[in-house]
Each structure stands twice: as C-alpha cells, then as structure tokens.
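Structure assessment
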Protein chains: 2
Amino acid sequence: MQRFPLLGSLLAIALCSTAIATEPLASWRDTSPKKAVVAFVNKITDEKSSDFVPPAERIAVFDNDGTLWPENPMPFQLAFSLDELKRRLPEEPDWKNDPAVKAAQSDDLHPLLADDYKGLFRIIALTGSGMTTVEFADRVRAWLATAKHPRFDRPYDQLAYQPMLELLAYLRANGFKTFIVSGGGADFMRVFSERVYGVPPEQVVGSNTRVVYELREDGPVLVKTMNDLFIDDKAGKPAGIHQFIGRRPIACFGNSDGDLQMLEYTTIDNPRPSFGMIIHHTDAEREYGYDKNAKSSGKLVAALEEAPRRGWVVVDMKNDWAEVFAP
Amino acid sequence: MQRFPLLGSLLAIALCSTAIATEPLASWRDTSPKKAVVAFVNKITDEKSSDFVPPAERIAVFDNDGTLWPENPMPFQLAFSLDELKRRLPEEPDWKNDPAVKAAQSDDLHPLLADDYKGLFRIIALTGSGMTTVEFADRVRAWLATAKHPRFDRPYDQLAYQPMLELLAYLRANGFKTFIVSGGGADFMRVFSERVYGVPPEQVVGSNTRVVYELREDGPVLVKTMNDLFIDDKAGKPAGIHQFIGRRPIACFGNSDGDLQMLEYTTIDNPRPSFGMIIHHTDAEREYGYDKNAKSSGKLVAALEEAPRRGWVVVDMKNDWAEVFAP
C-alpha cells in the first residue's frame, strides 16, 4: 500500500520538471487555434473560475481518420481490409459474388464510399468476421508491421499528426480523459491506439459488430460476427458516446461532416463550458488538400458552415501547424 | 501547466498518510478470502516479481446485483421499473396487452424471471424507452430519493455491501481500473455508480438498447429506444467486456451463474496472473441465504461447482464479512 503513493509523489515531481522543461504544443504555430485551446484549458482547470470543470468531467473526444492521422488515398482500415480480402479470397469462394467485393476488386473504389460508406463497412465487416478477436488483432499487427503508405513510404502507424499527439498529451496532463470516437472499427484501432496515441483500449469507441463467447479446449475465445453492425459515424457518434462513455464530452475534435453531430452534442447547450475544433485539410503539399471534394472519406461542408455560428475553432493545417508528421 | 503537478504531489503525500492511517479491508474478517485477495494484489504490484502486471492492464470487473448490493426480494432495477410501469401505464394504453406487463401486475413475479429473465428485460426496456437519456436519469434519481427497500427500510443506494466498497477502493489504490459488468441497465447504474461505488459512467458495462440522436430546438438529445437489446449476462458478459473494455480483465468478482462465463474469461489460460471470486449468500440473518434456490435472480450452481477446479475464491458471507452494510 505504501509503495504506490511514494511512486505518485516521485511521478508528480518528474511531471513538474517536464512541464517546465518542454513546450507542450511545440508543433503548433502561435496562431489563434493554439491560443484558443490553451485559453479553454486554462479556464476550465482554474479552481477559482466559475468555468472550472472537475477532472472527472473532463472528457475529450477525437475522431481518428483525418483528425489524428490521414485518410488518403483511402481510410487506412480500408487498405488493411483490401489486403485481407486478397489474402482470404481463395479460401472464401462465396465472397466472389458479393457486390462490395466486386467493387473492391476494381480500380475505382468510389462505389465503396457511396451511400454513407456502405460498401466500405461491408468489406470491413466481411474481412473482420469469422475469426477470434485475438486472431484479428494478430492480423492487424502483422499488417502494420509490413504495409507502407503509398505516398509517405512509412508504416501507417507512423503517420499520426504530431500536433495532435501533442494535443492529446497536453489535455491528459491537464486532467482530461482522451477518447477516440471514430467510424473506424474499434477492434482495429485498439491494436495500436495505446502505443501510438496513448489512448487505452477502454477509451476507444468505434464501429463494431457482436462477438460470441465460446469456451474451447484451449481456452475462452470471442468470435467476431457480422451481426448488429453499429456504425459510429454521423448521428451514430453521439449515440456511441452515450453508450460507451455515458457522459457528455466538454471538448470535441473532428475534421469532417461525419463529426458534425458529435460537435453539436459536445457544444450546444452544454451545461459545462465546451470546446469544438475542426481540422481543415488545407495543405496539399505536406499532406492533402480537401473539403467538399474529399478524395475518400472526410467530406467537409456542413460542419465548416456551422463553425462560425457555433464558435468551433477551425485549424488551417497549412498555416497553423509547424510540423504535420514527426520527422 | 505547473499547478497540476504540484497538486499531484500534495495528493500523493495525502494518499501516503491515508494508507498508513487506515486499514483498507476493515469489514473483512481475517479469513482466507481476504488473505487471497491481498496476496494476489501484493504479487501483481511487485515490480520485482515475475507476476508483476503493469497498471494499464490491471482491469477488475464486478457484477452488480448480488455482488455489490442485494438482489432480493427482487433486483432493484425491477423495483424501479415496476414503479415506473405503474406511473406510466395510464398514458400508455397499448402496454396493457403485453404479456410481460400482465405478469408484472400480478403478485407472482416468477414468470418475469423465467427463460433467462426475458420478462424482466422486457419490462426494463419498455419503461426505459420513449424518453431522452436525461429524462430517464432524472426518473432514476427521483426514485432513488424516495423509494425504500422493503426489508432494510433504507434508500436502495444505501445498501451497497461495505466490504465490497472497501475492496473497490483497495484495488483502485493499487492501480486497478474497476469496472461494473452487470445484467442491469447501463443507463440505470450510471446514475449512482460514481457516487456510490466510485465507478465513473465510462467504466459501467451493462445491458443496453440503442439511443437515437436528435438536435431539437432546445438542444441535442438522445432518445432511448427498444432496438438491438444487448443483454449483458452469462455469455454476454465476456462479449460486453470485449466490446466496452477491449482487454481481458485480471480480476473478476461475481455471485451467480450469470457470472460464470466472465469468471472463465478472466481466469482460464490468461497470459497474466488472474483472480476470480464468488460471493456466496450464506447469511439469511444479516442479508439473504440462497444459491440453487434463488428467490429472484442470482442462482448459483455451476459456478460454485467449478470454483475448486478453477481456483476461484468463494466468500462465505456469514463467516468472512464482519459487516454487510455500512452502519
């Protein structure tokens, strides 16, 4: 019982030195978005302020694709799923007749993204079912260890946006619990979220289907099925936040119209002070440039229009970020 | 940035004094269950031991009804739902023809508990839908403020087992994240879990149905529906653990066959050291006495039979607990 508090004390002293020694948002230029987030954090952590928010209620939610890492030339999980499709297709002859599979085998992936990404979710569900959760995580791990992004020539999990990693750490250092709330599959993101983002699996909310428990000869397993698909996107995001977190966030970070509803849910008539931020992809040179003409996922029109009225801070990636990726 | 670490440092010193001053499991008699849990915690927190488990992986899961508070004469949420049924029935004429509603209005509630509590879940879903999540939480709060347990004549939320409150606090003081994993409704438990158990809403896994997001004139709401009922009981518990927590627990506390599968999932072939505990209701005088002949929920046969083979610790409530409730 005594070892822990002592450790805490040492840790607190260590944190104190770190806070003095390093600049928490070093990859952000000193422009209005950085100033806005720092002002918000200062306000809600000031115990003397009427805007003070107790640590337990400091919930921050982050979209993943396009907010914490890129979503071009296609969402990274789709790249994984297409590789899995190729690998498993010889053993799964039934798949050949599936319209989504046919679309996935053509050069033009746009049909997969139509109708609220219906085909994309179908491919993800198909390639992510019929195996145990452990087998699936092993496949994701193996893919991350070998696959590389076609443009940046790096493993996908080395493409997290450096300014956003700093923002996650900054919020946590100020008592926030940081959650991912993404249309991506929870089981996919949980493989790397702790290592890459410092977000533990229990703070990852994503799309999912049911798993079925079995006690096998060699131990208990959970088999991934395609049943009861929950799509954690658009109006599904506030629903997912309620179901998995059970309280209203006070800070929300997104980049597309898929994040509109969770931005609303976080900031409109929230009894607590709240903060909304949109990452606008304005940097075709260092990353990608898109909004209404998104190349894959990430269409941004309605949320950008709403931003001034709602007080959401828009990050102009080109001007507001000194670095995009870690060197 | 500097205020927090200093606060942490002070907090660490405060915690240190508390640890020296108070006995963490004061309401447990000095019998084998207490010794077993302390030995397990000492082992997995000892950095020099090969059994050391890093804090991030110290996940403990607790059943609620019959494990953290009583489940007699009926599960407390059923008591709430029956009161709600009475209140809402005049406005919901369609409900009168529902077989579960008919059963609920009779004196014999056993039909509601038959067939894996099908009728019970129907009543809970019916009375917990067609309103916003905020309205539902307000109803639960109002009920807890007025309703009293028929035998103990206390508000229901003052009937948490004192030894289990101490156990929750003891595990948290040793770096565990404590989760509730219960057949009860998540939205019901989240109203009091933080205040009563110190378990925040985001660490409550329970039965649930979908909510639907709406942006209304007076702000965003989530409407509770009866769709996609997930029953977090029996084989649903390991499924719920995976879906909501996303990693395997190392400690599991239950009291009935509804907890058998999560005990298995926690302890069988776990690559980490693990611990399972069953609360056996042997104390008809201070609480209730039941196992195979459960009066409401809480039948305990298979898990009790498995306990010796699996190394699960069985708590004999009468002998192992010095106190059952806080005075």
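Whatever comes next refers back to the structure up there.
Below: a short report on this structure.

The rules behind the values
Residues numbered from 1 in each chain as written. Chains lettered and ligands numbered in written order. Predicted model: local features only at pLDDT ≥ 70, side-chain atom pairs only at ≥ 80, totals over all residues. Heavy atoms only, no water. Helix = DSSP H or I, 4+ residues; strand = E, 2+ residues; numbered from the N terminus. Rg over C-alpha atoms; globule rule 2.2 N^0.38 Å. Buried < 20%, exposed > 50% of the residue type's maximum accessible area, 1.4 Å probe, protein only. Salt bridge = Lys/Arg side-chain N within 4 Å of Asp/Glu carboxyl O. Axes fitted to C-alpha atoms, helices over the stretch in contact; angles between N-to-C directions. Parallel < 35°, antiparallel > 145°, perpendicular 65-115°, else oblique. Contact = heavy atoms within 4.5 Å. Nonpolar A, V, L, I, M, F, W, Y, C, P; charged D, E, K, R; others polar. Core = buried A, V, L, I, M, F, W, Y, C linked by side-chain atoms within 4.5 Å. Expected span 1.5 Å × (residues − 1). Arc of directions from axis to C-beta. Polar contact = N/O pair within 3.5 Å; in protein donor to acceptor, adjacent residues only side chain to side chain. Pairing = 2+ DSSP bridges. Left-handed = near helix turned anticlockwise from the far one by under 90°.

Some details on the overall build of chain A
Along its length, chain A carries 13 helices and nine strands. In terms of C-alpha radius of gyration, chain A reaches 20 Å, essentially the compact-globule figure of 20 Å for 327 residues. Expressed along its principal axes, the backbone C-alpha trace of chain A runs to roughly 65 × 55 × 40 Å. Residue burial in chain A is summarised as follows: out of 327 residues, 59% are buried.

Focus: the pattern of salt bridges
Side chains that differ in sign of charge can pair as their charged atoms come close. According to the stated counting rule, one finds 42 salt bridges over all chains in the structure shown. The partner of Arg 309 of chain A in a salt bridge is Glu 306 of chain A, and the shortest N-O contact between them spans 3.2 Å. In this pair, Arg 309 of chain A and Glu 306 of chain A are both assigned in helix 12 (residues 302-310), three residues apart and thus about one turn of the helix distant. Residue Glu 306 of chain A is classed as buried on the basis of its relative accessible area, which comes to 17%. Note that Asp 116 of chain B and Lys 234 of chain B form a salt bridge whose closest N and O atoms lie 3.2 Å from each other. Here Asp 116 of chain B is found in helix 5 (residues 110-127), whereas its partner Lys 234 of chain B is found in the loop between strand 5 (219-224) and helix 10 (236-244), with 118 residues between them in sequence. A network of salt bridges, in which partner residues are shared, links Lys 177 and Arg 247 of chain A together with Glu 194 and Glu 202 of chain B.

Some words on the packing of helix 3 (residues 76-88) of chain B against helix 6 (residues 133-146) of chain B
All names here are of chain B. It is at 11 Å that the axes of helix 3 and helix 6 come closest, and there the two elements cross at 105°. The orientation of helix 3 with respect to helix 6, classified from their angle, is roughly perpendicular. Residue-level contacts link Phe 76, Ala 79, Phe 80, Asp 83, Glu 84 and Arg 87 of helix 3 to Phe 136, Arg 139, Val 140 and Trp 143 of helix 6. Of the residues assigned to the contact of helix 3 with helix 6, the class counts are six nonpolar, no polar and four charged.

Some remarks on the environment of Ile 180 of chain B
Residue and element names in this part refer to chain B. Locating Ile 180 in the fold gives a position in strand 2 (residues 177-185). Its relative accessible area of 1% is what places Ile 180 among the buried residues. Considered as a pair, Ile 180 and Phe 253 are 73 residues apart in the sequence and their alpha carbons are 9.5 Å apart.

Thoughts on helix 11 (residues 260-267) of chain B
All names here are of chain B. The buried fraction of helix 11 amounts to eight of the eight residues, a majority that puts the element mostly inside the structure. Restricting attention to buried positions, one finds in helix 11 the residues Leu 260, Gln 261, Met 262, Leu 263, Glu 264, Tyr 265, Thr 266 and Thr 267. Phi turns positive, to about 55°, at Asp 269, one or two residues after helix 11.

So, the nonpolar core
Across soluble globular proteins, nonpolar side chains show a tendency to be buried alongside one another. Residue and element names in this part refer to chain B. In this structure, Met 164, Leu 167, Tyr 197 and Phe 253 are the most contacted members of the largest nonpolar core, which totals 74 residues. Among the elements that make up this core, the one with the highest residue count is helix 5 (eight residues). Excluding residues that lie within four positions of it along the chain, Phe 253 makes contacts with Ala 60, Val 61, Phe 62, Asp 63, Thr 67, Met 164, Leu 167, Leu 171, Met 262, Phe 275 and Met 277.

Some details on helix 2 (residues 32-44) of chain A
Residue and element names in this part refer to chain A. The terminal C-alpha atoms of helix 2, which comprises 13 residues, lie 18 Å apart, in line with the 18 Å expected from a rise of 1.5 Å per residue. Residues of helix 2 that are buried include every one of Pro 33, Lys 34, Val 37, Phe 40, Val 41 and Ile 44, and no others. When helix 2 is viewed along its axis, its buried side chains cluster within an angular range of 130° and face the same direction. Facing away from the buried side of helix 2 by more than 90 degrees, the exposed set consists of Ser 32 and Lys 35. Of the surrounding secondary structure, the elements contacted by the buried residues of helix 2 are helix 7 (162-173), strand 6 (251-254), strand 7 (275-282), strand 9 (313-316) and helix 13 (317-320).

Quick word on the side chain of Asp 63 of chain B
All names here are of chain B. With respect to the helices and strands, Asp 63 occurs in the loop between strand 1 (59-62) and helix 3. Residue class for Asp 63 comes out buried when judged on its relative accessible area of 5%. Side chain to side chain, Asp 63 and Thr 67 meet in a polar contact 2.8 Å long. For Asp 63, the side chain forms a polar contact with the side chain of Lys 237, separated by 2.9 Å. Not counting the four nearest positions on each side in its chain, Asp 63 is found in contact with Leu 68, Val 181, Ser 182, Lys 237, Phe 253, Gly 254, Asn 255, Asp 259 and Met 262.

Here we look at the pairing of strand 4 (residues 211-216) of chain B
All names here are of chain B. Where strand 4 meets strand 5, six bridges bridge the pair, whose relative direction is antiparallel. Looking at strand 5, one finds that Glu 214 is bridged to Val 221. Hairpin connection of strand 4 to strand 5: two residues between the antiparallel strands.

Examining the packing of helix 2 (residues 32-44) of chain B against helix 7 (residues 162-173) of chain B
All names here are of chain B. One way to put it is that helix 2 packs onto helix 7 with a least axis distance of 11 Å and a crossing angle of 15°. Between helix 2 and helix 7, the crossing angle belongs to the class labelled roughly parallel. Judged by the twist between their axes, the crossing of helix 2 over helix 7 is right-handed. Residues Val 37, Val 38, Val 41 and Asn 42 of helix 2 touch helix 7, and the partners they reach there are Leu 167, Tyr 170 and Leu 171. Along the lines of polarity and charge, the residues of the contact of helix 2 with helix 7 split into six nonpolar, one polar and no charged.

What to know about unusual backbone geometry
That bond from Asn 72 of chain A to Pro 73 of chain A is cis: its omega, 0°, falls within 30 degrees of zero. Relative to the helices and strands, Pro 73 of chain A is located in the loop between strand 1 (59-62) and helix 3 (76-88). Its identity as a non-glycine residue notwithstanding, Lys 234 of chain A has a phi of 50°, on the positive side. Phi is positive for Asp 269 of chain B, close to 55°, though the residue is something other than glycine. Tracing the backbone through its elements, the reader meets Asp 269 of chain B in the loop between helix 11 and strand 7 (275-282).

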